[in-house]
Amino acid sequence: IIGFICFIFVYGCLVINPKYDDWLFIGGDLTQHYAGWLFFRDSDWSFPFGMIKGLTTEPVSIIYTDSIPMFAVIFKILSPILPEKFQYFGIWGAMCLFLQGGFATLIVKKYVKNYFFIFMSTIFISVSTVTFQRMFGYTALAGNWIILMSICICVNYEKFESLIKKIFVWSFVVAISVSVHQYYVVMTYIFIACFL
């Protein structure tokens, strides 16, 4: 909740409104991400999965527009019931800070029992300038909660003693990483190596 409140304090509530897209037309990378989503939404489903037609002369993957493929696919499936004007980047940002605060709390709570210190640490991590800067730049890279999720798994290694649990949890983390941005895949593999 602290992470979500930090998001609202910095960006306000308007960017979470799926019908409000004016903030996505400031140019640069943010506009490119939104254009990727708009073209992907209007493209037919095809193989290989996630291809966008019409954005360039040749079909291009949604991965290369940094349009957060996980959200793009989910909302493309829901597209027939969504309004004509629809953006999910504000929802993504709010979710990122919500999860960043959540995983930060779990990590700090593992080592500290003082609730005031946990509270202050969560605020400190939630207001990460890197995450805030990414929201209006490389939006997919605001998903730093993926790194914190990996750290959380590593510090709670004793909860994943069985091979099945290890395979399941790290497969889930890698799947999330792949579906957000390829940069997170490399980082996730580093944490898997540390965990092992």
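See the structure above.
Rules and cut-offs
Residues numbered from 1 in each chain as written. Predicted model: local features only at pLDDT ≥ 70, side-chain atom pairs only at ≥ 80, totals over all residues. Heavy atoms only, no water. Helix = DSSP H or I, 4+ residues; strand = E, 2+ residues; numbered from the N terminus. Buried < 20%, exposed > 50% of the residue type's maximum accessible area, 1.4 Å probe, protein only. Contact = heavy atoms within 4.5 Å. Areas by Shrake-Rupley, 256 points an atom, 1.4 Å probe, with all protein chains shown as cover. Lys, Arg positive; Asp, Glu negative; His and termini not counted. Charge placed at Lys NZ, Arg CZ, Asp CG, Glu CD. Expected span 1.5 Å × (residues − 1). Polar contact = N/O pair within 3.5 Å; in protein donor to acceptor, adjacent residues only side chain to side chain. Core = buried A, V, L, I, M, F, W, Y, C linked by side-chain atoms within 4.5 Å.

**Section: the overall build of the chain**
Consideration 1: Each helix and strand in the chain was counted, giving nine helices and two strands.
Consideration 2: In the chain, the succession of helices and strands from N to C terminus is α-α-β-β-α-α-α-α-α-α-α.
Consideration 3: For the chain, the spread of C-alpha atoms along the three principal axes comes to 55 × 40 × 30 Å.
Consideration 4: Expressed as a percentage of its 196 residues, the buried residues of the chain come to 47%.
Consideration 5: Across the chain, the fraction of contacts at a sequence separation of at least 24, relative to all contacts at a separation of at least 6, is 65%.
Consideration 6: Working note: accessible area of the chain is about 10600 Å², and carbon and sulfur atoms make up 72% of it.
Consideration 7: Taking the average location of the 12 positive side-chain charges in the chain and that of its 10 negative ones, the two points are 14 Å from each other.

**Quick notes on helix α5 (residues 115-126)**
Consideration 1: Over its twelve residues, α5 extends 16 Å from the first C-alpha to the last, a length consistent with the 16 Å expected when each residue adds 1.5 Å.
Consideration 2: In the core, the buried residues of α5 are packed alongside α1 (2-11), α4 (89-111) and α6 (129-135).
Consideration 3: Its side-chain oxygen 2.9 Å from the backbone nitrogen of F116, N114 forms the N-cap of α5.

**With respect to unusual backbone geometry**
Consideration 1: A cis amide bond links F47 with the next residue in sequence, P48, at an omega value of 0°.
Consideration 2: The phi dihedral of D66 is positive, around 55°, even though this residue is not glycine.
Consideration 3: Along the polypeptide, D66 turns up in the loop between β2 (60-61) and α3 (69-77).
Consideration 4: The backbone phi angle of I68 is positive, close to 55°, even though this residue is not glycine.

**Details of the nonpolar core**
Consideration 1: Within the largest apolar cluster, 53 residues are counted, with the highest numbers of intra-cluster contacts made by W37, Y88, W92 and W170.
Consideration 2: In terms of residue count, α4 provides more of this core than any other element does, eight residues in total.
Consideration 3: Discounting chain neighbours no more than four positions away, the residues touching Y88 are W37, S67, I68, F71, A72 and F75.

**Structural notes on the side chain of T188**
Consideration 1: Looking at the element boundaries, T188 is found in helix α9 (residues 182-195).
Consideration 2: Residue classification places T188 among the buried positions, given a relative accessible area of 2%.
Consideration 3: There is a polar contact of 2.7 Å between the side chain of T188 and the side chain of S177.
Consideration 4: Once residues within four sequence positions are removed from consideration, T188 is found in contact with I146, S150, W170, V173, V174 and S177.

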